[in-house]
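Architecture at a glance
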Amino acid sequence: MDVQTMQALIGLLTLLVTVFGGLLMVMWQQLSGYAKSLGAHEVMVAKQYITKDEHDRRITQEINGMKELLFRVERTVNSLLELNQNGRGAA
């Protein structure tokens, strides 16, 4: 091989290394961006996660509210029935 062929091959090799290095750098940056967005998503999911105790507490709170509402409805119905019977007895 003569000197010009060697210089051309070295130049071609340098060009290939530069192109592949640039492509690898771009891919690495995209992968890093995906990793950051995945980390942010994991934090968001963790904020929305509730424990079993918290879940049980929320359910108990809802059930107690419904019980209270049913007791009030029952008292109202009983008082209406009482008024109805008192009205019939007076008439």
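Throughout what follows, the structure given in this document is the object of discussion. (Residues numbered from 1 in each chain as written. Predicted model: local features only at pLDDT ≥ 70, side-chain atom pairs only at ≥ 80, totals over all residues. Heavy atoms only, no water.)

Secondary structure summary: the protein chain contains two helices and zero strands in total. On C-alpha atoms alone, the protein chain measures out to a radius of gyration of 38 Å, which is more than a quarter above the 12 Å that the 2.2 N^0.38 rule sets for 91 residues. Its C-alpha atoms give the protein chain principal-axis dimensions of about 130 × 25 × 15 Å. Looking at the protein chain residue by residue over its 91 residues, the buried ones come to 0%. On the protein chain, roughly 8,700 Å² of surface is accessible, and the fraction owed to carbon and sulfur atoms is 66%. Averaged over its 9 positive side-chain charges, the protein chain has a centre that lies 8 Å from the centre of its 9 negative ones. (Helix = DSSP H or I, 4+ residues; strand = E, 2+ residues; numbered from the N terminus. Rg over C-alpha atoms; globule rule 2.2 N^0.38 Å. Buried < 20%, exposed > 50% of the residue type's maximum accessible area, 1.4 Å probe, protein only. Areas by Shrake-Rupley, 256 points an atom, 1.4 Å probe, with all protein chains shown as cover. Lys, Arg positive; Asp, Glu negative; His and termini not counted. Charge placed at Lys NZ, Arg CZ, Asp CG, Glu CD.)

Residues M1, M6, L9, L12, L15, L16, V19, F20 and L23 make up a contiguous nonpolar surface patch of roughly 920 Å² in combined accessible area. Residue placement: L9 occurs in helix α1 (residues 3-48). The exposure class assigned to L9 is partly exposed, which follows from its relative accessible area of 42%. (Patch = residues over 30% accessible without salt bridge, like charges linked within 9 Å, V, L, I, M, F, W, Y side chains within 5 Å. Salt bridge = Lys/Arg side-chain N within 4 Å of Asp/Glu carboxyl O.)

Once that is clear, we can look at the pattern of salt bridges. Counted according to the given criterion, the structure contains four salt bridges. As a salt-bridge pair, K52 and D56 come within 2.8 Å of each other at their nearest N and O atoms. Here D56 and K52 lie together in helix α2 (residues 52-90), a separation of four residues that amounts to about one turn. A salt bridge links E54 to R58; the nearest nitrogen and oxygen atoms lie 3.0 Å apart. Note that E54 and R58 are positioned in helix α2 at a spacing of four residues, about one turn of the helix. Looking at R58, the relative accessible area reads 42%, which means it is partly exposed. Shared partners join several salt bridges into a network, and the residues in it are E54, R57 and R58.

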